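Below, each chain spelled out in residue letters.
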Amino acid sequence: MTNDKRKAAVIGWPVKHSRSPLIHGHWLKTHEIAGTYEAIAVAPDDIQSFFEDFPKSGLVGANVTIPHKETVIPFLSSLDKAALEIGAVNTVWLEDKDLHGTNTDWTGFLDNLDQEARGWDSKRNTALVVGAGGAARGIVYGLNQRGFDRIVVANRTLERAEVLAKGFGHAIEPIGLAQAQAVVGEADVVVNTTSLGMEGSDLMPIDLAAAQNECVVTDIVYVPLETPFLRDAKRYALKTVDGLGMLLHQAAPGCEKWFGVRPIVTAELRAEIVADLNKTDEQI
Ligand code: NAP
C-alpha cells in the first residue's frame, strides 16, 4: 500500500457518463493504491482557467475527453510525438509544476487488437479505416506505426479524409465511403471509427462478403458492444474485436504515470464495465 494519496481525474463536458472513474477505481482497489480518481465537468468556456489553475488543483494528472482533446494543447509545456502528429491529447500529467500531454488512444487501439486477435498484424499489407474524425486520426497513426504498407481511409466527406491523409504525410489513401467496398477484399483489417452502429444511427454501407477469411473486423463503437457491423462480420465467420477493449487499454498508461502502477486489462475489469454499460447504455 502506498502512503501518498495522489489525485487524478477525467475532464470533459458532459462527463457524468464517463467510465474512466470506474476503470481507474478498479485498478486503485485491486492494486491497493491510496489514490483517488474523479470526473470533473469543465465547460468549454472554463477550459483556460481550469488548466491555468491545474498546478494548484492538487491533481497529479488527468484524462481529457470530448470536447477538450484539442483545446487543451495550448496549456501544455510539452507534447510527445504521437500527440503532436495526432493533434489531440487524452492524458496529461504534472512534472515540476508543468503540464505535459500524450495520446494513448492509438496504443489502446493496438493493445486491444494484440490482446483479442493475436496475429492480426502478421501481414501488414492493407488496413481499411472507415471514418476520418478525431478517433480515426489516432487509429491511422497507430496502424502506420505498426508498419502497414497501405492505409485506406474511407469517409462520407471525402475532403476530411484528404485532410487527415495530408496531415500524416505518409502513404495514407483517402477515398469516399462509396469506394470502400472495392477495398474490402484486400484488407487484413477493417476498422469502423464512425459513429455508425450506435443505437439509432444508420447502418454501415459496407458488405463484408468479399473479405478474406483471415480479415479482422473491429469497431470502436462499444454501445452496443456487438454493433450491426460486427454482427455482419460474424455471419461471414470473420474474427471480430469490439470497441470496449480500446477504452480499457487507453487508460493503462495514465494509471502508470499518476499512480506508478502499470495495470493490465483483465476479464474482471471488462465484466465490471459491461455491467455498467448494461445499466446506462451511453457511450462517451
Ligand atoms: P467525430 O470526430 O465526430 O467523427 C465522426 C465520424 O463518423 C466522421 O468520419 C463522420 O463522417 C462519420 N459519420 C457520422 N455519421 C455518419 C453517417 N451517418 N454516415 C457516414 N459517416 C458518418 O467523432 P470521433 O471522435 O472520431 O468518434 C467516433 C466514434 O468513435 C464515436 O462513436 C465515439 O464514441 C467512438 N470512440 C470510441 C473510442 C474507444 O475507446 N472505443 C475512442 C474514441 C472514440 P463525416 O466526416 O462525413 O461527418
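Residues numbered from 1 in each chain as written. Predicted model: local features only at pLDDT ≥ 70, side-chain atom pairs only at ≥ 80, totals over all residues. Heavy atoms only, no water.

## Observations concerning the overall build of the protein
No. 1: Of regular secondary structure, the protein possesses nine helices and twelve strands.
No. 2: In terms of C-alpha radius of gyration, the protein reaches 19 Å, essentially the compact-globule figure of 19 Å for 284 residues.
No. 3: Reported as C-alpha extents along the three principal axes, the dimensions of the protein are approximately 55 × 40 × 35 Å.
No. 4: Residues classed as buried in the protein amount to 51% of the 284 residues present.
No. 5: Of the accessible surface of the protein, which amounts to about 13,000 Å², a share of 50% is contributed by carbon and sulfur atoms.
No. 6: The centroid of the 27 positive side-chain charges in the protein is displaced by 2 Å from the centroid of its 38 negative side-chain charges. (Helix = DSSP H or I, 4+ residues; strand = E, 2+ residues; numbered from the N terminus. Rg over C-alpha atoms; globule rule 2.2 N^0.38 Å. Buried < 20%, exposed > 50% of the residue type's maximum accessible area, 1.4 Å probe, protein only. Areas by Shrake-Rupley, 256 points an atom, 1.4 Å probe, with all protein chains shown as cover. Lys, Arg positive; Asp, Glu negative; His and termini not counted. Charge placed at Lys NZ, Arg CZ, Asp CG, Glu CD.)

## Side note on helix α7 (residues 228–235)
No. 1: For α7, the set of buried residues is F229, L230 and A233. What you see down the axis of α7 is that its buried residues fit within an arc of 95°, all on one side.
No. 2: The elements touched by buried residues of α7 are β10 (189–192), β11 (216–219) and β12 (239–241).
No. 3: A237 occupies a position one or two residues after α7 and carries a positive phi of about 60°. (Arc of directions from axis to C-beta. Contact = heavy atoms within 4.5 Å.)

## Focus: the pattern of salt bridges
Two side chains that carry opposite charge are able to pair once their charged atoms sit near each other.
No. 1: The tally for this structure, following the rule as stated, stands at 16 salt bridges.
No. 2: The salt bridge partner of D232 is R235, with a shortest N-O separation of 3.0 Å. Residue D232 and its partner R235 are located together in helix α7, separated by three residues, close to a single helical turn.
No. 3: In this structure, R270 and D242 form a salt bridge, with 2.6 Å as the shortest nitrogen-oxygen distance. Of this pair, R270 sits in helix α9 (residues 267–280) while D242 sits in the loop between β12 and α8 (244–259), and the two are 28 residues apart along the sequence.
No. 4: One network of salt bridges, in which partners are shared, links D114, D121, R124 and R146. (Salt bridge = Lys/Arg side-chain N within 4 Å of Asp/Glu carboxyl O.)

## A closer look at the packing of aromatic side chains
No. 1: In total, this model carries nine aromatic pairs according to the counting rule given.
No. 2: Residues F50 and F54 carry aromatic rings whose centres are separated by 6.0 Å and whose planes lie at 80° to one another, so their mutual orientation is edge-to-face. The two residues F50 and F54 agree in class, both being buried.
No. 3: Arranged with centres 6.2 Å apart and planes meeting at 85°, the rings of W258 and F259 form a pair that is edge-to-face.
No. 4: Here W258 falls in the buried class, since its relative accessible area comes to 0%. (Phe/Tyr/Trp six-rings, centres within 6.5 Å; stacked < 30°, edge-to-face > 60°.)

## Here we look at the nonpolar core
No. 1: The biggest cluster of nonpolar side chains holds 31 residues, and the ones touching the most others in it are W120, L143 and V153.
No. 2: Those elements that place two or more of their residues in this core are α3 (81–86), α4 (105–116), β7 (126–130), α5 (134–145), β8 (150–155), α6 (158–168) and β10.
No. 3: In terms of residue count, α5 provides more of this core than any other element does, five residues in total.
No. 4: Apart from the residues within four sequence positions on either side, V153 is in contact with V129, G131, A132, V140, A161, L164, I172, E173, P174 and I175.
No. 5: Counting residues in each nonpolar core, the second largest holds 24 residues, with W93, V223, L244 and L269 among its members. (Core = buried A, V, L, I, M, F, W, Y, C linked by side-chain atoms within 4.5 Å.)

## A word on the sheet that holds strand β5 (residues 91–95)
No. 1: With respect to topology, six strands assemble into an open sheet ordered β2-β1-β3-β5-β6-β4, the strand pairing being mixed. Each edge of the open sheet carries a strand with a single partner, namely β2 (36–41) and β4 (78–79).
No. 2: Here helix α1 (residues 20–30) sits on the sheet in contact with β1 (7–12), β2 and β3 (59–64), set at roughly 170° to β2. (Pairing = 2+ DSSP bridges. Axes fitted to C-alpha atoms, helices over the stretch in contact; angles between N-to-C directions.)

## Re unusual backbone geometry
Phi is mostly negative for residues that are not glycine, and the peptide bonds are mostly trans.
No. 1: Note that the residue after W13, namely P14, is joined by a cis bond; omega there is 0°.
No. 2: With respect to the helices and strands, P14 occurs in the loop between β1 and α1.
No. 3: With an omega of 5°, the peptide bond running from V223 to P224 counts as cis.
No. 4: Residue position: P224 is located in the loop between β11 and α7.

## Some remarks on α5
No. 1: Spanning twelve residues, α5 covers 17 Å between terminal C-alpha atoms, matching the ideal 16 Å at 1.5 Å per step.
No. 2: G147 occupies a position one or two residues after α5 and carries a positive phi of about 95°. (Expected span 1.5 Å × (residues − 1).)

## A look at the environment of Q115
No. 1: Looking at the element boundaries, Q115 is found in helix α4.
No. 2: Placed 59 residues apart in sequence, Q115 and K56 show a C-alpha to C-alpha distance of 39 Å.
No. 3: In contact with Q115, other than residues within four places in its own chain, are H249 and V265.
No. 4: Of the polar contacts made by the side chain of Q115, one reaches the side chain of H249; its length is 3.4 Å.
No. 5: A distance of 3.3 Å separates the side chain of Q115 from the backbone oxygen of V265, its partner in a polar contact. (Polar contact = N/O pair within 3.5 Å; in protein donor to acceptor, adjacent residues only side chain to side chain.)

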